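Examination of the molecular architecture
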Amino acid sequence: MAALWARIRGRLREDVGEVEYRTWLRQMTLSGIEGEDAVILLPTRFLRDWVNSHYGDRLRALWQAEHAGVRRVEFRVSAAPPAEAALAGAEEQQPAAIGAERVGLAEPLAARAAEARPTPESRSDWVVPLEARFTFDTFVVGKPNEFAHACARRVSEKPASPGFNPLFLYGGVGLGKTHLMHATAWAIRAHDPARTVAYMSAEKFMYRFIAALRSQNTMEFKETLRAVDVLMIDDLQFLIGKDNTQEEFFHTFNALVDQGKQIIVSSDKSPSDLAGIEDRLRTRLGCGMVADIHATTYELRLSILQAKAAAAQVAVPPKVLELLANKITANVRELEGALNRLVAHANLFGRPITIDSAHEVLHDVLRAHEKRVSIEEIQKKVAEHYNIRLTDMSSARRARNVARPRQVAMYLAKQLTQRSLPEIGRRFGNRDHTTVMHAVSRVAELMVADAGFAEDVTLLRKMLET
Ligand SMILES: Nc1ncnc2c1ncn2[C@@H]1O[C@H](COP(=O)(O)OP(=O)(O)OP(=O)(O)O)[C@@H](O)[C@H]1O
């Protein structure tokens, strides 16, 4: 039976790879075969559920292939005490945090916790599987993300340097925050493989914290987290209103920063806008480097599409890429999704990608992004918003309080309508197309430089689109 079990584990290890195996599966033991069930033990409920949901089918198939009498696999929590489980491996690597202070790290406990701390050999277990394609090489840099990218690069080269700890990345949905974090993790590890990097979503942090509380394993959770060199928490806004988890995170945060470890956090809002996150945590989050990723520009969308088409080694006509960059403006995830659909369709039917096939395959997405708004509507809304006269949209007045809103309206006309630059120019008091071009790039630049201005323009755009 031992040999059979070793064989099954060996197969699984080959299938899933070393890091994943060591992270999740190393602590499995075989209890025995009961009737038609192979019974596998895991030290905690969290691990039992995780292994069951992620590897249950695979294990069942392996058992069925190896042993004619086994039809199912059952996972149970072993009776082993938590401390023993902790020493056996590194699974319950929960970023723990709530306070050493609250639990009171007494001497004997501290000594035990030190013992339980992952050994250098097991430290790599802490690396939560990272997405292989999220590297700096595949991240396309443009004006909206160049600052965030530069900060991430800097941190990956010199973690925990003054002024960059914590690094707080924020921006709208699907604009590359997770990509940048993974890229930083890969780069840190490539630079120094001995460094432990723990990456997880705030949701997972909470889930693991709760699991640790339930299995009375918070000390292990805390100690394991505090032993990492770099901690990355994605989508921090998930912790809004989750006071206990916030507190735990706050203590972890302080412990790590005090030890000179790097923290990287991402969120959809800036620290000051994170209402529902405790003040003291918000303050600490904002005291390192705060870098925002702005909404994409047409140029960035086009570069991303070109890079992705090249990486997929698919010939996509430039006109098709321009169509997508023009129409699918919400975020990079949607853009990528549209390109993937086109490529999949072309592969499936063995046909080249053309403008017609793009319209056909993506008709739903393109229709949803159709810009039906007229230049008059844009001028009216913008004039109202900035409290200027509608006639000033076409007047020759050059005072900034008039000229800037006019530029915003030209920018929106370019973004939201199909009109050509000369046509837009004509509608704004017979201006030349180069004036429109200048307005478009000036507004895009200002949006990167001035968050308040960017918010204004984005708001106007949303009002016009809905
Ligand atoms: N600048 C970029 N270059 C290349 N790919 C990008 C870029 N920005 C985003 N992407 C891609 O877009 C997709 C969404 O990015 P990601 O998951 O990092 O977004 P996010 O900001 O973390 O979103 P969420 O707020 O939903 O967590 C990913 O596939 C990512 O690779």
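Bear in mind the structure is a predicted one, so any value in this text is a computation, not a measurement.

Take the overall build of the chain next. Across its full length, the chain carries 23 helices and eight strands. For the chain, the residues scored as buried account for 50% of the 466 residues in total. Sequence-distant contacts in the chain: of pairs separated by 6 or more residues, those separated by 24 or more amount to 76%.

This part is about the sheet that holds strand β1 (residues 29-34). Taking strand neighbours across the sheet as the criterion, the three strands line up as β1-β2-β3 in an open arrangement whose pairing is mixed. Bordering the open sheet on either side are β1 and β3 (72-77), each of which pairs with just one other strand. This sheet shows a mean twist of 25 degrees between the axes of neighbouring strands, independent of strand direction. Relative to β3, strand β2 (residues 37-42) is paired through six bridges, and the arrangement is parallel. Bridged to Asp 37 within β3 is Arg 72. Contacting β1, β2 and β3, helix α3 (residues 45-66) runs over the sheet at an angle of about 160 degrees to β3.

When you tally the buried positions in strand β7 (residues 262-267), you get six out of six residues, the bulk of the element. Going residue by residue along β7, you find Gln 262, Ile 264 and Ser 266 tucked away on one face and Ile 263, Val 265 and Ser 267 tucked away on the opposite face as well. Looking at chain direction, strand β6 (residues 230-234) and β7 are connected through four bridges and run parallel. Among the inter-strand pairings, Leu 231 is bridged to a residue of β7, identified as Ile 263. Viewed along the sheet, the connection from β6 through helix α12 (residues 243-258) into β7 turns out right-handed.

Surveying the vicinity of the ligand reveals 20 residues, the closest of which are Val 140, Gly 174, Thr 178, His 179 and Glu 336. Within the contact set of the ligand, a nitrogen atom lies 3.3 Å away from a side-chain nitrogen or oxygen of Asn 145. Contact between the ligand and Lys 308: a nitrogen atom at 3.0 Å from a side-chain N or O atom of the residue. In the complex, the protein chains occlude 93% of the 630 Å² of accessible area that the ligand would expose alone. Among the elements of the structure, α9 (177-191), α14 (298-311) and α16 (332-349) are those that each provide at least two residues to the shell around the ligand. Here the residues of the shell around the ligand are counted per class, giving seven nonpolar, seven polar and six charged.

Time to look at helix α22 (residues 433-449). Every α-helical turn comprises 3.6 residues, leaving residues that sit three or four positions apart pointing alike. A rise of 1.5 Å per residue sets the reference length of α22, with its 17 residues, at 24 Å; its end C-alpha atoms lie 24 Å apart and thus fit the reference within 8%. Inspection of α22 places Val 436, Ala 439, Val 440, Val 443, Ala 444, Leu 446 and Met 447 among the buried residues, and these make up the whole buried set. In a view along the axis of α22, the buried residues occupy a sector of 165 degrees, so they form one face of it. If you follow the buried residues of α22, they end up packed against α20 (400-416), α21 (421-427) and α23 (451-465).

Before going further, it helps to spend a moment on α12. In a regular helix each residue adds 1.5 Å, so 16 residues correspond to 22 Å; α12 covers 22 Å between its end C-alpha atoms and thus fits that length. By the criterion of burial, α12 is predominantly enclosed, with twelve of the 16 residues buried. Those residues of α12 not exposed but buried are Thr 245, Gln 246, Glu 248, Phe 249, Phe 250, His 251, Thr 252, Phe 253, Asn 254, Ala 255, Leu 256 and Val 257. Once α12 finishes, Gly 260 follows within two positions and takes phi at roughly 75 degrees, a positive value.

Strand pairing in a sheet relies on backbone hydrogen bonds, with the paired strands running either antiparallel or parallel. Pairing is parallel in the open sheet, where five strands are placed in the order β5-β6-β7-β4-β8. The open sheet has two edge strands with one neighbour each: β5 (197-201) and β8 (289-293). Across this sheet, the average inter-strand angle for adjacent strands is 15 degrees, counted without regard to direction. In terms of strand pairing, strand β4 (residues 167-171) meets β8 through five bridges, oriented parallel. Along β8, the bridge assignment pairs Tyr 170 with Asp 292. In this fold α9 packs onto β4, β5, β6, β7 and β8, with an angle of close to 165 degrees to the strand it touches most, β6. Running over the sheet, helix α10 (residues 202-214) touches β5 and β6 and is turned about 95 degrees from β5.

A few words now on the environment of Ala 2. Structurally, Ala 2 is set in helix α1 (residues 2-16). The spacing of Ala 2 and Gly 32 is 30 residues in sequence and 9.7 Å in space, taken between C-alpha atoms.

Let us look at the confidence of the model for the chain. When the pLDDT values of the chain are averaged, the result is 84; 88% of them are 70 or greater. Every residue in residues 81-127 is under pLDDT 50, and counting partners more than four places away or in other chains gives 120 contacts. The complex prediction reports pTM at 0.60, with the ipTM value standing at 0.98.

Let us look at the packing of aromatic side chains. Each aromatic ring pair is summarised here by two numbers: the centre-to-centre distance and the angle between the ring planes. Per the counting criterion, the structure on display carries six aromatic pairs. Note on Trp 5 and Trp 63: the rings are 6.1 Å apart at their centroids and 20 degrees apart in plane angle, and the pair reads as stacked. Here Trp 5 is found in helix α1, whereas its partner Trp 63 is found in helix α3, with 58 residues between them in sequence. Per residue, the accessibility class of Trp 5 equals that of Trp 63, and both read buried. Pairing Phe 249 with Phe 253 gives two aromatic rings, centres 6.0 Å apart and planes at 75 degrees, and the pair type is edge-to-face. Linking Phe 249 with Phe 253, this pair stays in helix α12, spanning four residues, or about one helical turn. On the basis of relative accessible area, Phe 249 is assigned to the buried category, the value being 0%. For Phe 253, a relative accessible area of 0% translates into the label buried. One aromatic cluster is present, formed by Phe 205, Phe 209, Phe 221, Phe 249 and Phe 253 through successive ring pairs.

Reading the values: the criteria
Residues numbered from 1 in each chain as written. Predicted model: local features only at pLDDT ≥ 70, side-chain atom pairs only at ≥ 80, totals over all residues. Heavy atoms only, no water. Helix = DSSP H or I, 4+ residues; strand = E, 2+ residues; numbered from the N terminus. Buried < 20%, exposed > 50% of the residue type's maximum accessible area, 1.4 Å probe, protein only. Contact = heavy atoms within 4.5 Å. Pairing = 2+ DSSP bridges. Axes fitted to C-alpha atoms, helices over the stretch in contact; angles between N-to-C directions. Right-handed = clockwise from strand over helix to strand, strands pointing away. Near = heavy atom within 4 Å. Polar contact = N/O pair within 3.5 Å; in protein donor to acceptor, adjacent residues only side chain to side chain. Areas by Shrake-Rupley, 256 points an atom, 1.4 Å probe, with all protein chains shown as cover. Nonpolar A, V, L, I, M, F, W, Y, C, P; charged D, E, K, R; others polar. Expected span 1.5 Å × (residues − 1). Arc of directions from axis to C-beta. pLDDT = per-residue confidence, 0-100. Phe/Tyr/Trp six-rings, centres within 6.5 Å; stacked < 30°, edge-to-face > 60°.

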